[in-house]
Amino acid sequence: MNAMSLIDIRDVVALAVQAGGAIVEVYERHDFGVETKGDGSPLTLADRRAHQCIEAGLGRLTPDIPLLSEESGRSAFENRHRWDRFWMVDPLDGTREFIRRNGEFTVNIALITDRRPVLGVVHSPVLGMTHFATLESGAFRIGADGTQTPVAVRRRDPSETVMVASRSHAGGAVGSYRENLERLAGPVTLASMGSSLKICLVAEGRADIYPRLGPTSEWDTAAAHCVLEAAGGCVVRLDGTPLVYNKPDILNPWFLACGDPEFDWRAPAEGIEEPDFPVP
């Protein structure tokens, strides 16, 4: 019996929604306080409360599956390299969006098996929507009205390609990618979004490509990665190899979150130099 047969994704969705409720309680305060972690990234009470909620909930649901969370500290690779499956969690992805109060932050919960995300839940508590998927059952979106619908990547429209990018990382290599894409594929419209919602936009066919040519960590991407793959897309490194998880270095290399599988999304990245990364 495999791990997936013991897990009802509805329980994981409910847990993400519960954690989202804990975040909103803090979000609605006038002053929720912001600290700075050792790596310079912000930390709030909402991050901590969401982590505690998810840690306790997954401990009840799957007590034998280990957890790696952004807020639980980085388990040493000499320990986690033995894990054939584990939970990868970002209790509050988009803390900067949380601080800016624009609502574009998420709760991310993924199950990693053999270095690949096989279950993913991305819940946006303020926007009131949840994306979830397993590789076995496909990808779905629950809207603010509670309606559940399947999602899938779209065929690229030759008259307009929609590229999604972070508001704070739209220049540099991303700008070069966009210029190359326009040269190869015609007009490109830029959409901006925070957190892992960028990958979900590609998964539900509202965007065609998300080139992440900058730093991210594994917990930033794992849940939405699963949603996109289950929706018919893929997440690949610039050399075309799949993005994998549970590496010695928790940082991701640069990657492309791709929609329409018939288009060569790697071609616009030719000539863009990626920093050196440790071998996975």
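Attention here is on the structure that accompanies the text. Source: prediction; values computed, not measured.

### Some words on the sheet that holds strand E5 (residues 106–113)
With mixed pairing, seven strands are arranged side by side in an open sheet as E3-E4-E5-E6-E7-E8-E9. Looking along the sheet, the strands with just one partner apiece sit at the ends: strand E3 (67–69) and strand E9 (148–150). Going across the sheet, the axis of each strand differs from the next one's by a mean of 20°, ignoring polarity. Here strand E8 (residues 138–142) pairs with E9 via three bridges, running antiparallel. Residue pairing across strands places Phe140 opposite Pro150, the latter belonging to E9. Strands strand E4 (85–93), E5, strand E6 (116–124), strand E7 (129–134) and E8 of the sheet are contacted by helix H1 (residues 9–27), whose axis makes an angle of about 40° with E6. Docked against the sheet, helix H7 (residues 218–230) engages E3, E4, E5, E6, E7 and E8, running at close to 100° with respect to E6.

### Some remarks on the side chain of Thr130
By secondary structure assignment, the location of Thr130 is in strand E7. Since its relative accessible area comes to 4%, Thr130 is described here as buried. One polar contact links Thr130 to His123, side chain to side chain, over a distance of 2.8 Å. Residues within four places of Thr130 in sequence aside, it is in contact with Val13, Val17, Val121, Val122, His123, Phe140, Arg141 and Ile142.

### A word on the packing of H1 against helix H2 (residues 45–61)
Running from amino to carboxyl end, H1 crosses H2 at an angle of 155°, the nearest separation of the two axes being 8 Å. By the angle class used here, H1 and H2 are roughly antiparallel. The element H1 and its partner H2 pack so that their crossing is right-handed. Across from Asp11, Leu15, Gln18, Ala19, Ala22, Ile23, Glu25 and Val26 in H1, the residues of H2 making contact are Leu45, Ala46, Arg49, Ala50, Cys53, Ile54, Gly57, Leu58 and Leu61. Among the residues making up the contact of H1 with H2, the classes are represented as twelve nonpolar, two polar and three charged.

Cut-off values and rules
- Residues numbered from 1 in each chain as written.
- Predicted model: local features only at pLDDT ≥ 70, side-chain atom pairs only at ≥ 80, totals over all residues.
- Heavy atoms only, no water.
- Pairing = 2+ DSSP bridges.
- Helix = DSSP H or I, 4+ residues; strand = E, 2+ residues; numbered from the N terminus.
- Axes fitted to C-alpha atoms, helices over the stretch in contact; angles between N-to-C directions.
- Contact = heavy atoms within 4.5 Å.
- Buried < 20%, exposed > 50% of the residue type's maximum accessible area, 1.4 Å probe, protein only.
- Polar contact = N/O pair within 3.5 Å; in protein donor to acceptor, adjacent residues only side chain to side chain.
- Parallel < 35°, antiparallel > 145°, perpendicular 65-115°, else oblique.
- Left-handed = near helix turned anticlockwise from the far one by under 90°.
- Nonpolar A, V, L, I, M, F, W, Y, C, P; charged D, E, K, R; others polar.

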